[in-house]
Amino acid sequence: MLLVAKMGGGAKAYAAVVLIRLMYSGMHVMSKVALDQGMNPLVFLFYRHTTAALVLIPVTFVLERRKAKPVTFKIGWKMFIHALYGVTACGDLFNLGLNYASATSSSALYNVQPVVTFILAVIFGMETLKLIRFHGKVKFAGILFCIAGVTILAFYQGPMFRSFNHHHLFQNGSASGEQAGDTQPKKQWVLGIFLMTLSNVLAGLWTVLQGPLIEDTSKLMNTTLQISWASLQAFLVAVAVERDFSKWKLGWNVGLAAIIYSGVMVTALSYYMQMWAIAKRGPVFLAMSMPLTFIFTILVSSFIIGDAVSLGSIFAGALLVGGLYNVFWGKNIEERDDLNKISAAASVAGKPGGLELPQQQDKADEASHEVLDDDAEAKV
């Protein structure tokens, strides 16, 4: 029964990460169009976070006002710091990188985050990588597949495949995503690559550190506090850089649509879903779904704005998806082995000679309680 409940919770987690990646794919396409049409990337981030905060604050007040834990100065300060590096700085660096580098390079570097997250999770003791065990080798192979996919995507294009859809919803204001790398000045391209790499390092750190932080407040309150702080931080950054307030004006165009979509669907809803996924399955499980964003973005951008797809992108996508499922496979093997050990220890302790193994019995009980807690949590 526990195994069935665990499988059901796992199915929900898989569905959640697929939905999160679909949301991010739409954000990538709409944000790229808005930036290409002249919107300042720092101003764009401020409007995005402010829109999300305006949605989250009343929802949190209604749902959490009676049951939420009190937010102390210490908790508020923690949220401020995590929002500063993991939401504001990460978002600003990503938008600037998307503006300077090619879309292909930006998408490739976006997929570096699973590798960074896994390394950080191992360093913090939140994940294991036992290379002498089969599941460790499978997970390590998945990491290598992801690295190979990113490398091919960044440095090899090959033949181009044009979109079959010639009636695009939006006309991209710049060169197509696959051709932008040839038209961007070399210095801007290098700067964009650096900014995107730094952004993904910060995102990986934020993902890993969300686990302990979720215990301080509810997931909804956590999301609301961080996004509210990020809105204020993004405003201070944007107003310090962009003094021409004519560029802050919004019109009835794709920029406004991108802000509303990114603020409501991505920043507000998906951030909450990410924290739920982290609480259920761990930070690396969420981060390893990152390649799906690239795959979905290729499909959406091809039909929406007519971006061409290179043969290198197809090869890279296959490797990234292979790496994703390799890591999932390794984690499932590891979890199954752990459950088998618990069952074996419990059965040994239940035999007449089981009293000679009190430590094994304690560990089995403790692990069983953890499984029960996870099961109960999944039902809530």
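One can find the structure itself at the top, above this paragraph.
(A) Representation of the environment of cysteine 90 within the structure. Take cysteine 90: it is sitting in helix α3 (residues 73-100). The class of cysteine 90 is buried, set by a relative accessible area of 12%. Spatially, the C-alpha atom of cysteine 90 lies 9.3 Å from that of tryptophan 206, the residues being 116 residues apart in sequence. With residues up to four places along the chain from it excluded, the contact list for cysteine 90 reads Tyr85, Ser199, Leu202 and Ala203.

(B) The arrangement of the packing of helix α2 (residues 41-64) against α3 in detail. As a packed pair, α2 and α3 sit with axes 9 Å apart at the nearest point and diverge in direction by 135 degrees. Of the possible angle classes, the one that applies to α2 and α3 is oblique. As α2 packs across α3, the resulting crossing turns out to be right-handed. In this structure, α2 uses Pro41, Leu42, Phe44, Leu45 and His49 to contact α3, whose residues at the interface are Val87, Thr88, Gly91, Asp92, Asn95, Leu96 and Asn99. Residues belonging to the contact of α2 with α3 are distributed by class as follows: six nonpolar, five polar and one charged.

(C) Spatial organisation of the nonpolar core. Formed by 64 residues in total, the largest nonpolar core has its most connected members in Tyr24, Tyr47, Val87, Ile227, Trp248, Leu286 and Met288. With ten residues, helix α1 (residues 2-36) is the single largest residue contributor to this core. Excluding residues within four positions of it along the chain, valine 87 makes contact with His49, His82, Trp206, Gln226, Ile227, Ala230 and Tyr271. Of all hydrophobic cores here, the second largest spans six residues; its members include Val150, Phe294, Ile298 and Val309.

(D) Region of the structure containing the pattern of salt bridges. Here the structure, examined in full by the defined rule, presents one salt bridge. Put simply, lysine 139 and glutamate 334 hold a salt bridge, and the shortest N to O gap is 2.9 Å. In this pair, lysine 139 is assigned in helix α6 (residues 134-155) and glutamate 334 in helix α13 (residues 311-349), connecting sequence segments 195 residues apart. Residue lysine 139 is classed as buried on the basis of its relative accessible area, which comes to 1%.

What counts, and where the lines are drawn
Residues numbered from 1 in each chain as written. Predicted model: local features only at pLDDT ≥ 70, side-chain atom pairs only at ≥ 80, totals over all residues. Heavy atoms only, no water. Helix = DSSP H or I, 4+ residues; strand = E, 2+ residues; numbered from the N terminus. Buried < 20%, exposed > 50% of the residue type's maximum accessible area, 1.4 Å probe, protein only. Contact = heavy atoms within 4.5 Å. Axes fitted to C-alpha atoms, helices over the stretch in contact; angles between N-to-C directions. Parallel < 35°, antiparallel > 145°, perpendicular 65-115°, else oblique. Left-handed = near helix turned anticlockwise from the far one by under 90°. Nonpolar A, V, L, I, M, F, W, Y, C, P; charged D, E, K, R; others polar. Core = buried A, V, L, I, M, F, W, Y, C linked by side-chain atoms within 4.5 Å. Salt bridge = Lys/Arg side-chain N within 4 Å of Asp/Glu carboxyl O.

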